[in-house]
Amino acid sequence: MPLALPGAQWRWLVGLLGALPSALADLPVHCVRHQVVGEWRFKLGPLEPTRSSCGHLRPDTEEGQPSRGIVDGSAGGDQLMVTLRDPNVALTARDSRGSWTMIYDEGFEVNVAGMNFFAFSNFTFEVNATHPTVKHNSSHCGDTMVGWYQNADRTRFGCYYGSKVLDETTHHELSAVQPRASQAVAPKKRPPVNFDNPLSEQGQKAAVSKLNNKIAMLQLGWKARTMPRWNGRTMREINSYAGLRRPQGAREMRRQMLEQHAPRRARSFLQRRAGESFPTVWDWSAAFGKDYLEPVMDQADCGSCYAASSMRMLTSRHKIRQNDTEALPWSINFPLFCSEYNQGCKGGYGILTSKWSRDVGLLPANCMRYNTAGSCKLECDLSSLKGKRFRAANHRYIGSWYGNASLDEMKSELFHNGPFVVGIEPAEDFMFYSEGIYKSAASAKAPSAGQEWEQVDHAVLVVGWGVENGQKYWRVQNSWGPDWGEDGFFRIAMGTNEAGIESIPEVAEVIEDEQSGAQVEAFFAQVSAAIAKPKAAAR
């Protein structure tokens, strides 16, 4: 999110300021479920009492993917044969009741034989032989990068990688990834208007006036307004604020990705949840006369929406569970700049933020305050933390696996357990949303039963629902400051998968850490050792 989860698009301003790039995932890889289903050989490194980074940077980077030598060169390793069946069944010789899920299109997570496995799918950068300055990335869906595995009680940890049995003839070529930085890139064709021209106040007024005329003509039911914060910014800067700096050729890539969709089985009667009765209006900002939400934040020029929304979800769910609206929020910067599962300000996925917060733990916000120039550095003394320690638990997609959510399950989860994270791919007009129930003529459509994957770029927090003039909606907290939208929130049409909002709902819980923060302390001991090692070598 997950998602390459930060971002919004600006295509409607092409005529005003030039063509804009569309969205891509955070790592340059795209694999969907039918490409992963099959028999796998997991090559396992030894289990240790302490979790490691498995050679990944903190945060992770596409050019810093570790070599498989980390696993192959370790002593005492083993292998495990795992069969992944459609849609979510994992089996070994000893366990026929395992489960698995795609993590968007970036990798997959498996729970089987008492162990948890997670790894990104493999990718390489390749050069065109006839045009050496042109490079492109290739996804290798029958292989993974080096990933992590552990037992259920978080006491034994190891590194591994997976190879699909039928694709074994190609595995030996994929042990390392060529870093993007070392590859020359062909010059991009300049748009008709400079992409780096600042957006003027008058230009923005003209564009928003045109947009409001279109909204009124189509009777979409919402309004746009100018945003003073966009004045003087280039489209490149605004796009970076909203998400990733995306390559110009991404639309063609998205078209190719959509062609890879394979039919998904229709949900059987047994998979459907029994109908529940829900109130017409529900909102965790006013539930039982209390506000369980944190104030709207401004993520600024960092693609941190996935971390911000995930930690706000865990904070609000913790407050609900403790029945304490004054409970300290959890640190956003801790997973943002320390997690090996995501790419920091360059994007990531909510479900992996929750998983990392399960594997390592949670810290109160005053231990690592939010700032976009942060680093993986503590601002508190862990030994001085008073009271219970906590961690995330039961991270999951609503519906048990990616692509299986239903409207009733989403409402039930929200009503009974608290806010949850979703990814959206809003149309180009979303950045100027002011009020009303957001709908876009370009994107409003029912979910397709044939899709294994739906592109989303920005993570937000669903906090409630309601109905206005017969139109049902979700109420959602954004992370672009309280001066955007409806005091930092927006409402969006429910039931039509508007902007992909019903395609990737992610949840987790907060529980007391049975290890009393031991994994957090072990993590920072490793960070300190990694910092000290190059200093010692330089002496």
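Below, the structure is looked at part by part. Everything quoted here is computed from the prediction, not taken from an experiment.

### As for the overall build of the protein chain
Then step 1. Per the secondary structure count, the protein chain includes 11 helices and 18 strands.
Then step 2. With 539 residues in all, the protein chain has 56% of them scored as buried.
Then step 3. Taking all contacts inside the protein chain whose residues are at least 6 apart in sequence as the whole, residues at least 24 apart take part in 76%.

### Thoughts on the pattern of salt bridges
Then step 1. In total, this model carries 24 salt bridges according to the counting rule given.
Then step 2. The salt bridge involving Asp513 is made with Arg154; its shortest N-O contact spans 3.3 Å. Of this pair, Asp513 sits in the loop between strand 18 (506–512) and helix 11 (518–538) while Arg154 sits in the loop between strand 8 (147–151) and strand 9 (157–164), and the two are 359 residues apart along the sequence. Take Asp513 and Arg154: they sit in the same class, and that class is buried.
Then step 3. Its salt-bridge partner being Glu201, residue Lys205 comes within 3.5 Å of it at the nearest N-O pair. With Lys205 and Glu201 both in helix 4 (residues 201–218) and 4 residues apart, this pair spans about one turn of that helix.
Then step 4. Judged by relative accessible area, which is 39%, Lys205 ranks as partly exposed.
Then step 5. Residue Glu201 is classed as partly exposed on the basis of its relative accessible area, which comes to 44%.
Then step 6. In the salt-bridge network here, residues are joined through shared partners; they are Glu109, Lys355, Arg358 and Asp359.

### Overview of the state of the cysteines
Then step 1. Scanning the model with the defined rule gives 5 disulfides in all.
Then step 2. In this model Cys31 forms its disulfide with Cys141; the gap between the sulfur atoms is 2.1 Å. What sets the handedness of the Cys31 and Cys141 disulfide is the S-S torsion sign, and at about -90° it is left-handed. Of the two residues, Cys31 is situated in the loop between helix 1 (14–17) and helix 2 (33–36) and Cys141 in strand 7 (residues 135–144); the sequence distance between them amounts to 110 residues. Comparing Cys31 with Cys141 shows no difference in burial state: the two are buried.
Then step 3. With its sulfur 2.0 Å from that of its partner, Cys367 forms a disulfide with Cys380. Sign of the S-S torsion, about 95° for the bond between Cys367 and Cys380, identifies this disulfide as right-handed. Of this pair, Cys367 sits in the loop between helix 9 (350–359) and strand 12 (390–397) while Cys380 sits in the loop between helix 9 and strand 12, and the two are 13 residues apart along the sequence.
Then step 4. Residue classification places Cys380 among the partly exposed residues on the basis of a relative accessible area of 21%.
Then step 5. Ordinal numbering of bonded cysteines along the protein chain defines a disulfide pattern of 1-3, 2-4, 5-7, 6-9, 8-10.

### Describing empty space enclosed by the protein
Then step 1. Considering all chains together, one arrives at 4 cavities of 30 Å³ or more under this definition.
Then step 2. The volume enclosed by the largest cavity comes to roughly 70 Å³.
Then step 3. Lining the largest cavity are Met297, Cys305, Ala308, Ser309, Arg312, Ala459, Val460, Leu461, Gln477, Asn478 and Ser479.
Then step 4. For the lining of the largest cavity, the secondary-structure elements that each account for two or more residues are helix 7 (305–322) and strand 15 (458–468).
Then step 5. Its residues assigned to classes, the lining of the largest cavity shows 6 nonpolar, 4 polar and 1 charged.

### As for the nonpolar core
Then step 1. Among the nonpolar cores identified, the biggest contains 65 residues, and Leu314, Phe420, Trp474 and Phe490 are the most heavily contacted of them.
Then step 2. Sorting elements by how many residues they give to this core places helix 7 first, with 8 residues.
Then step 3. In terms of nonpolar packing, the next biggest core, distinct from the first, is built from 58 residues, Cys54, Val71, Cys376 and Phe523 among them.

### Brief notes about the environment of Leu336
Then step 1. Relative to the assigned elements, Leu336 resides in helix 8 (residues 333–338).
Then step 2. Classification of Leu336 by relative accessible area gives buried; the value is 0%.
Then step 3. Along the primary structure Leu336 and Met311 are separated by 25 residues, whereas in three dimensions their C-alpha atoms are 9.9 Å apart.
Then step 4. Dropping the residues within four chain positions of it, Leu336 is found in contact with Pro59, Cys302, Ser304, Tyr306, Ala307, Gly344, Cys345 and Tyr370.

Reading guide: rules and limits
Residues numbered from 1 in each chain as written. Predicted model: local features only at pLDDT ≥ 70, side-chain atom pairs only at ≥ 80, totals over all residues. Heavy atoms only, no water. Helix = DSSP H or I, 4+ residues; strand = E, 2+ residues; numbered from the N terminus. Buried < 20%, exposed > 50% of the residue type's maximum accessible area, 1.4 Å probe, protein only. Contact = heavy atoms within 4.5 Å. Salt bridge = Lys/Arg side-chain N within 4 Å of Asp/Glu carboxyl O. Disulfide = S-S within 2.5 Å. 1 Å grid on protein atoms, 1.4 Å probe; cavity = no way out; pocket = protein on both sides within 12 Å on 5 of 7 lines; lining within 4 Å. Points joined across faces, edges and corners; volume = space filled by probe spheres on them. Nonpolar A, V, L, I, M, F, W, Y, C, P; charged D, E, K, R; others polar. Core = buried A, V, L, I, M, F, W, Y, C linked by side-chain atoms within 4.5 Å.

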